[in-house]
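Structural features, examined
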Amino acid sequence: MLNLLQQIFSYDFLVRAMIVGSLVSVCASLLGVTLVLKRYSMIGDGLAHVGFGALSVALAMNVAPLQISIPVVMIAAILLLRISENSKIKGDAAIALISSSAIAIGVIVTSLTSGLSVDIYSYMFGSILAMGRQDVVLSVVLSIVVLVLFVLFYHKIFAVTFDENFARATGTKSGIYNMLIALLTACTIVVGMRIMGTMLISSLIIFPALSSMRVFKSFRNVVLSSAIISIVCFFWGIVASFGWSLPTGASIVIVNLIVLGLFAFAGFMISKINRRKLHE
């Protein structure tokens, strides 16, 4: 195992992937707790599909993918929030509407230009080889911005997560903070797509939050636990991918799935012990 870890850290592209992936995993896990509790967890999947459409257009135009995809996905996040709040199209229907339209545009643009090239394939399923130095710098900056904003507005995000009506009654501008959550999620999705791919990026949002909720009950403990789980699962997913020549994104998802099973079992045992203590 020590030799395997030494080999991993001897490759620059793997070190870059570790740095970016760890930051993205933390961002996704923190936002994931809020999105899961608000029953909006599939927003990650929807925005990833929008990102795929934007990336396809960017590649067809020979433009840097992140320069196109970041603003497009942010606009989609705002539009998604507005549609679900101010029309008869709610939640999952709004996500399906926008995501299916975006991926259809991406597929058409791809078929009319280069076809399913290596670049398009890597964005669909993820590739640690896709992380260039410029991408790393931009990804690190965006991830740090997301983390700083989440920490600064932690209490407001907590308020709109658990009781939006009460938060609004106490003077909190819930619309602004819902918008902030959507925009932070959009940034995280676009950056994470480079490693996880369009099809798997939402797992970074959903799995750590669900695992933490099996054991912990307070919002703060769930958030902290989710961040730790996300980093650990990402690291061992990379190790498994390198050691057994497996797809990176899929390996990370499988590690998350195993951890979810372990936490679900731990939560079951804890609740069983607590019930036994009550009866005694």
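Cut-off values and rules
Residues numbered from 1 in each chain as written. Predicted model: local features only at pLDDT ≥ 70, side-chain atom pairs only at ≥ 80, totals over all residues. Heavy atoms only, no water. Axes fitted to C-alpha atoms, helices over the stretch in contact; angles between N-to-C directions. Helix = DSSP H or I, 4+ residues; strand = E, 2+ residues; numbered from the N terminus. Parallel < 35°, antiparallel > 145°, perpendicular 65-115°, else oblique. Left-handed = near helix turned anticlockwise from the far one by under 90°. Contact = heavy atoms within 4.5 Å. Nonpolar A, V, L, I, M, F, W, Y, C, P; charged D, E, K, R; others polar. Expected span 1.5 Å × (residues − 1). Buried < 20%, exposed > 50% of the residue type's maximum accessible area, 1.4 Å probe, protein only. Phe/Tyr/Trp six-rings, centres within 6.5 Å; stacked < 30°, edge-to-face > 60°. 1 Å grid on protein atoms, 1.4 Å probe; cavity = no way out; pocket = protein on both sides within 12 Å on 5 of 7 lines; lining within 4 Å. Points joined across faces, edges and corners; volume = space filled by probe spheres on them.

What follows concerns the packing of helix H2 (residues 12-37) against helix H7 (residues 133-152). The interhelical angle for the contact between H2 and H7, taken along N-to-C directions, is 25°, at an axis separation of 10 Å. Of the possible angle classes, the one that applies to H2 and H7 is roughly parallel. The way H2 lies across H7 gives a crossing that is left-handed. In contact with Asp12, Arg16, Ile19, Val20, Leu23, Val24, Val26, Cys27, Leu30 and Leu31 of H2, H7 contributes Arg133, Val136, Ser139, Val140, Ser143, Val146, Leu147 and Phe150. When the residues that make up the contact of H2 with H7 are grouped by side-chain class, the tally is 13 nonpolar, two polar and three charged.

A word on helix H3 (residues 43-60). In this model H3 runs 26 Å from its N-terminal to its C-terminal C-alpha over 18 residues, within 8% of the 26 Å that 1.5 Å per residue would give. The buried fraction of H3 is high, at 15 of 18 residues. Where H3 terminates, the next one or two residues include asparagine 62, which has phi positive at roughly 60°.

Counted by the stated rule, this structure contains seven aromatic pairs. Ring plane angle 70° and centroid distance 6.3 Å describe the contact between phenylalanine 150 and tyrosine 154, whose orientation is recorded as edge-to-face. Taken together, the ring pairs connect Phe150, Tyr154, Phe158, Phe162 and Phe219 into an aromatic cluster.

Time to look at the environment of leucine 184. Here leucine 184 lies in helix H10 (residues 174-196). Sequence-wise, leucine 184 and serine 143 are 41 residues apart; in three dimensions their C-alpha atoms are separated by 9.0 Å. Contacts of leucine 184, omitting those with residues within four sequence positions, involve Leu31, Val146, Leu149 and Phe150.

Here the focus is empty space enclosed by the protein. The tally for this structure, following the rule as stated, stands at one cavity of 30 Å³ or more. When its volume is computed, the largest cavity comes out at roughly 30 Å³. What lines the largest cavity is Val20, Gly21, Val24, Ser25, Val191, Gly192, Ile195, Met196, Leu204 and Phe234. Those elements that provide at least two residues to the lining of the largest cavity are H2 and H10. Of the residues that constitute the lining of the largest cavity, the class distribution is seven nonpolar, three polar and no charged.

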